[in-house]
Amino acid sequence: MKNNAIPLDLAPMAGAGDRAFREVVAAFGATGFTSEMISAKAVVFGDRNSFALAEHGNLESPFYIQLFGSEPETVAGAAEALTARFPCDGVDLNFGCPVPKITKNGEGSALMRTPEKCRAIVAAVKGAVRVPVSVKMRVGWDENSLNAVEVALACEEGGASRLTVHGRTRADLYRDGTLRPGEIAKVVRAVKIPVLANGDVRDGESAAALLAQTGAAGLAVGRGALGSPWIFSRIRAALNGEPPPEVDKRSVMRRHVALAFAYKPFAAAGEMRTHMAHYLRGFRGAAALRGAVSTASTPADYEAIIRRLPPDF
Ligand SMILES: Cc1cc2nc3c(=O)[nH]c(=O)nc-3n(C[C@H](O)[C@H](O)[C@H](O)COP(=O)(O)O)c2cc1C
């Protein structure tokens, strides 16, 4: 049963990996969770919405609060403020976000260009909190600067206790066919701390392949969990050579709707539309439901869609 020890975390996803979704995923055995990314500057300015993102509830699996920012003192101050208020098992630092409005401020994946700054941010946060500090990074800024090992060593020196490496460069964005497992493998060999490999895990087969190609201690799964929160139990079963467990998809969707409206009554109306579209992805009858999904805004609207799903959904 040694495969039960391999960490299978839900990768952080702003706008999708909120508390409700994390709770849904937890039922399928994901081993760890990270908040949506939170702006360190916004926390330091006391922005309420940013604080709300750090709320997690009482799930048993470890929970990391993720911050992005480029000034060591600001990120450390935000980490101190959030960990003082919200129970968590660690602070994760975002050195991977490719979005221009983040990178133009020198934040997210722009930090891959300055390993020394990465080290300083990790060290400052480490000095400010009592919980472990981890890092989520890419493998470089572009293919001419594949410097994941340098950044990873800098983070380890700064005091990081774990790394999650998305095997793409900033320039790769999320494009299909650009994952570079070999670059993740170099990081795994270079550092002493555990590394989670991340990118394009969609099923048991791709999970086993990424583990084998990288030698990583575990995996973080992002998009593969959208519309398929049960992917975690399927991957675990596949790694153990067991058949995929049965899932009652309708009850998972009902629970997701209930939790989303309970935690964010105002935002859930719209956010559930995106999740519902993911649940219906690849389903033959999805086109007939598209209109209902695009106008759904109450739990009853979502229930009506779920009731229209055929028995073999
Ligand atoms: C909608 C969306 C939001 C994301 N938000 C974050 C985030 O807040 N913090 C972060 O570190 N990565 C974020 N990511 C990146 C994922 O954590 C992950 O690294 C990436 O999607 C590749 O893994 P995957 O192929 O399993 O999805 C996001 C990705 C997506 C698709």
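Scope of this entry: the structure provided in the associated data block. (Residues numbered from 1 in each chain as written. Predicted model: local features only at pLDDT ≥ 70, side-chain atom pairs only at ≥ 80, totals over all residues. Heavy atoms only, no water.)

A closer look at the nonpolar core
- The biggest cluster of nonpolar side chains holds 92 residues, and the ones touching the most others in it are Leu 67, Leu 93, Phe 95, Leu 163 and Phe 232.
- Among all residues touching Phe 232, those that are not within four sequence positions of it are Leu 8, Asp 9, Leu 10, Val 25, Phe 28, Gly 29, Ala 30, Val 221 and Ala 225. (Core = buried A, V, L, I, M, F, W, Y, C linked by side-chain atoms within 4.5 Å. Buried < 20%, exposed > 50% of the residue type's maximum accessible area, 1.4 Å probe, protein only. Contact = heavy atoms within 4.5 Å.)

Observations concerning the pattern of salt bridges
- Using the criterion set out here, one finds 12 salt bridges in the structure.
- In this structure, the salt-bridge partner of Arg 119 is Glu 116, at a minimum N-O distance of 3.1 Å. Here Glu 116 and Arg 119 lie together in helix H6 (residues 115-128), a separation of three residues that amounts to about one turn.
- The residue Arg 223 makes a salt bridge to Asp 200 at a minimum N-O spacing of 3.0 Å. (Salt bridge = Lys/Arg side-chain N within 4 Å of Asp/Glu carboxyl O. Helix = DSSP H or I, 4+ residues; strand = E, 2+ residues; numbered from the N terminus.)

Some details on the pairing of strand S4 (residues 63-68)
- Of all the six residues making up S4, six are buried; the element is thus mostly covered by neighbouring parts of the structure.
- Across two bridges, strand S2 (residues 33-34) lies against S4 in parallel orientation. What sits directly across from Phe 33, in S4, is Phe 63.
- Both strand S3 (residues 38-39) and S4 contribute to a ladder of two bridges, which runs parallel. (Pairing = 2+ DSSP bridges.)

Looking at the environment of Pro 310
- With respect to the helices and strands, Pro 310 occurs in the segment after helix H14 (299-307).
- Measuring from C-alpha to C-alpha, the distance between Pro 310 and Gly 285 comes to 8.6 Å, with 25 residues separating the pair along the chain.
- When residues no more than four places from it in sequence are discounted, the contact partners of Pro 310 are Arg 250 and Phe 283.

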